[in-house]
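Descriptive structure summary
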Amino acid sequence: MVEQAPEILAARARESDEAAFRALMEGPTRTLMATAFRYTGDWEWARDLTQDTWVRVYRKLDRWDPKRSFTVWLYALHRNRCLDHLRRSWVRLEEPAEPDRVERLPAGESDDPLARLERREFRRRVLAAAGELSPSQREVFLRVDAEDRDQREVAEALGIRYGTLRVTQHAARKRVAELLRPEEGMA
Amino acid sequence: MTERVDCRVFADQLDRLVDGSLPDEGRRQLLAHAGGCRECAGQRRVKEVLATPSLEALEREAPDALVEGMYSRVMAEVAPARRPERPWVPLLAAATVVLLVCTGWLGLRVGELQERETRLELELDAQRARVAALSRPASGAAGSTSPASGAWLRLLALSRQETITVTELTEILGRVPRNRLVLTEDRLRLLRAGPAFRPGGCGRPPGGAAGGRRRQGRDPPAGGGLGPNPPEPHRPHRRAGGTPELNGDDP
């Protein structure tokens, strides 16, 4: 069976072709779930956020411009959905954590459940802080660092040069670090 | 890495530091710089906490059960939104079913009624044939009242009626031979007393009347009745053979 481009499937899905919509879902769903996991650190949340994204796609498909990339539009919807989820949990993130515990977070993965929990919490704070960035810095930071996408593909999707993306990425990381400035230096 | 590591170099090489692709010497120099620069150390922590697990690894690790049921869950959630597009479809389907059921029932009823109609028509034809037979003049003599004739049966039927119209009386008079008794005195009295006997009704009966008492000394009513008859001498009531007493008795 020949794989059809997402734009072709999306155009058919707009005409209430449910088979086309199902085929449209098959490709990106696993990637969307992985992306949502990078935002939330939890598979259940990742499933719910991915499902919510597809529901929004189904209901707002008439707003998609067929002249533009469906994948870019899809991931933009998904990113906003993940950020909305993070914003709702920012209240919890703003609660003062034990500074000692935060500062002693290990750099890599740990077998210690507590360490993993602390790492997950720090990760959520980092992503929440991305909301304080400028729009261009936020787009670069979330796509490259939060979603682990290829830098050159992101530059092309955003319509900027690779060099410009790198500079923007550096500025975004610096700003996030300032927002989460640890009291001590690197462990 | 030979150039001196500063914040610009550190930022440029940070990805390689975190993913482990730097040689040992370069890694050592960058870590040494981060040890003395809080801003670069903070950037390193941000990058490290987001680096793992990679997107590619997560795509492999995503639970199949959560991925595979995604379409069904999405469709279940959007189902209420799909209905308004064609709300008339289920209504049309239900109406079609009701129409088919009613049509089938009506078809059965029509069949039953048609069968009944056929039976009634056959029965009606049979009755008409009987009436026609009764009304047909008997063979051999017009108006024969022999016991086996239809006219006899007709007269017998009329004789048993409680009331009789002038038309029927006229018919009787037409069927019964002239020399036969038509009405007994009692019957005539009943007729004259009953509401069916209207002066001024039918005219003179065909073939004339025979037997029975007649009024005397009184002019016949104008316009009809049994018509003017010449006075006749009184004749005793007698029973003519073969002529039924039109008082209801059987011959």
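What counts, and where the lines are drawn
Residues numbered from 1 in each chain as written. Chains lettered and ligands numbered in written order. Predicted model: local features only at pLDDT ≥ 70, side-chain atom pairs only at ≥ 80, totals over all residues. Heavy atoms only, no water. Helix = DSSP H or I, 4+ residues; strand = E, 2+ residues; numbered from the N terminus. Buried < 20%, exposed > 50% of the residue type's maximum accessible area, 1.4 Å probe, protein only. Contact = heavy atoms within 4.5 Å. pLDDT = per-residue confidence, 0-100. Core = buried A, V, L, I, M, F, W, Y, C linked by side-chain atoms within 4.5 Å. Salt bridge = Lys/Arg side-chain N within 4 Å of Asp/Glu carboxyl O. Axes fitted to C-alpha atoms, helices over the stretch in contact; angles between N-to-C directions. Parallel < 35°, antiparallel > 145°, perpendicular 65-115°, else oblique. Nonpolar A, V, L, I, M, F, W, Y, C, P; charged D, E, K, R; others polar. Polar contact = N/O pair within 3.5 Å; in protein donor to acceptor, adjacent residues only side chain to side chain. Buried area = accessible area lost by both parts, 1.4 Å probe. Patch = residues over 30% accessible without salt bridge, like charges linked within 9 Å, V, L, I, M, F, W, Y side chains within 5 Å. Areas by Shrake-Rupley, 256 points an atom, 1.4 Å probe, with all protein chains shown as cover.

Some words on the overall build of chain B
The number of helices and strands found in chain B is ten helices and zero strands. Counted from the first residue to the last, chain B has its helices and strands arranged as α-α-α-α-α-α-α-α-α-α. Buried positions account for 30% of the 251 residues belonging to chain B. Residue pairs at least 24 apart in sequence account for 55% of intrachain contacts in chain B once pairs closer than 6 positions are excluded.

Side note on the confidence of the model for chain B
This prediction gives chain B a mean pLDDT of 73; 61% of its residues lie at or above 70. Low pLDDT, under 50, characterises residues 201-251 of chain B; the stretch is placed with 68 contacts to residues that sit more than four places away or in other chains.

Details of the nonpolar core
Residues A:Phe21, A:Trp54, A:Val57, A:Phe70, A:Val126, A:Phe141 and B:Val74 are the most contacted members of the largest nonpolar core, which totals 55 residues. Ranked by residues supplied to this core, first place goes to helix 5 (residues 70-88) of chain A with eight residues. Ignoring anything within four residues of it in the chain, the contact list for A:Phe141 reads A:Val126, A:Ala130, A:Leu133, A:Ala146, A:Ala172, A:Arg173, A:Val176, B:Val46 and B:Leu50. Among the nonpolar cores identified, the runner-up in size contains ten residues, and B:Val5, B:Val9, B:Phe10 and B:Leu14 belong to it.

Concerning the pattern of salt bridges
Counting across every chain of the model gives 24 salt bridges over all chains. Close ionic contact of A:Arg47 with A:Glu44 constitutes a salt bridge, the shortest N to O distance being 3.1 Å. One end of the pair is A:Arg47 and the other is A:Glu44, both in helix 4 (residues 43-60) and three residues apart, which spans about a single turn. A relative accessible area of 41% means that A:Glu44 is categorised as partly exposed. B:Lys47 is paired through a salt bridge with A:Asp145; the nearest N and O atoms lie 3.4 Å apart.

What to know about helix 9 (residues 135-146) of chain A
In terms of burial, helix 9 of chain A is largely enclosed, as nine of its twelve residues are buried. Each element contacted by the buried residues of helix 9 of chain A is listed here: helix 3 (29-40), helix 5, helix 8 (113-129), helix 10 (151-158) and helix 11 (162-179) of chain A together with helix 3 (38-51) of chain B.

Some thoughts on the confidence of the model for chain A
All names here are of chain A. Residues of chain A with pLDDT of at least 70 account for 83%, and the chain-wide mean is 82. With pLDDT under 50 throughout, residues 91-109 is counted as low confidence; its partners more than four residues away or in other chains account for 32 contacts. Low pLDDT, under 50, characterises residues 183-187; the stretch is placed with nine contacts to residues that sit more than four places away or in other chains.

Some points on the packing of helix 9 of chain A against helix 3 of chain B
Angle between the axes and distance between the axes are the two parameters that describe a pair of packed helices. Relative orientation of the contacting elements helix 9 of chain A and helix 3 of chain B amounts to 55 degrees, with a least axis distance of 10 Å. Compared by their axis directions, helix 9 of chain A and helix 3 of chain B come out oblique. Here A:Phe141, A:Asp145 and A:Ala146 of helix 9 of chain A come into contact with helix 3 of chain B, specifically with B:Val46, B:Lys47 and B:Leu50. Looking at the contact of helix 9 of chain A with helix 3 of chain B residue by residue, the classes come out as four nonpolar, no polar and two charged.

Structural notes on the environment of A:Leu83
All names here are of chain A. Summarising the element assignment, Leu 83 is placed in helix 5. Take Leu 83: its relative accessible area is 6%, and that puts it in the buried class. In sequence terms Leu 83 and Ala 36 are 47 residues apart; their C-alpha atoms lie 9.7 Å from each other.

Description of the packing of helix 9 of chain A against helix 11 of chain A
Residue and element names in this part refer to chain A. Where helix 9 meets helix 11, the closest approach of the two axes is 8 Å, and the angle between their N-to-C directions is 90 degrees. For the element pair helix 9 / helix 11, the angle class is roughly perpendicular. Two secondary-structure elements touch here, helix 9 through Ser 136, Gln 137, Val 140, Phe 141, Val 144 and Asp 145 and helix 11 through Leu 165, Thr 168, Gln 169, Ala 171, Ala 172, Arg 173, Arg 175 and Val 176.

Description of the side chain of A:Gln51
Looking at the secondary structure, you find A:Gln51 in helix 4. For A:Gln51, the side chain forms a polar contact with the side chain of B:Arg73, separated by 3.1 Å. For A:Gln51, the residues in contact, after removing those within four places along its chain, are B:Met70, B:Arg73, B:Val74 and B:Glu77.

Topic: the interface of chain A and chain B
Interface extent is often summarised as the accessible area lost during association of the parts. Counting residues at the interface gives 53 residues for chain A, matched by 42 residues for chain B. Taking both partners together, chain A and chain B bury about 4400 Å²; carbon and sulfur atoms supply 60% of that area. In this assembly, chain A and chain B are joined by six salt bridges. One salt bridge connects A:Lys174 with B:Glu39, and the closest N-O pair in it is separated by 3.8 Å. At the junction of chain A with chain B, the criterion picks out 18 residue pairs in polar contact (both at pLDDT 80 or more). Taken together, the elements giving at least two residues each to the side of chain A that touches chain B come down to helix 2 (18-26), helix 3, helix 4, helix 7 (99-103), helix 8, helix 9 and helix 11 of chain A. For the side of chain A that touches chain B, the residue count by class is 22 nonpolar, nine polar and 22 charged.

Examining a nonpolar patch on the surface
On the surface, B:Trp88, B:Val89 and B:Leu92 cluster together into a nonpolar patch covering about 300 Å² of accessible area. Along the chain, B:Trp88 falls in helix 7 (residues 88-135).

Some words on unusual backbone geometry
Residues and elements named next belong to chain A. In this model, Ser 16 sits at a positive phi of 65 degrees, which is unusual for a non-glycine residue. Residue placement: Ser 16 occurs in the loop between helix 1 (6-14) and helix 2. Taking relative accessible area as the criterion, Ser 16 reaches 47% and is therefore assigned partly exposed. Positioned with a positive phi, Asp 148 is a non-glycine residue whose angle comes to about 60 degrees. Inspection of the secondary structure assignment puts Asp 148 in the loop between helix 9 and helix 10. On the basis of relative accessibility, which here comes to 32%, the residue Asp 148 falls in the partly exposed class.

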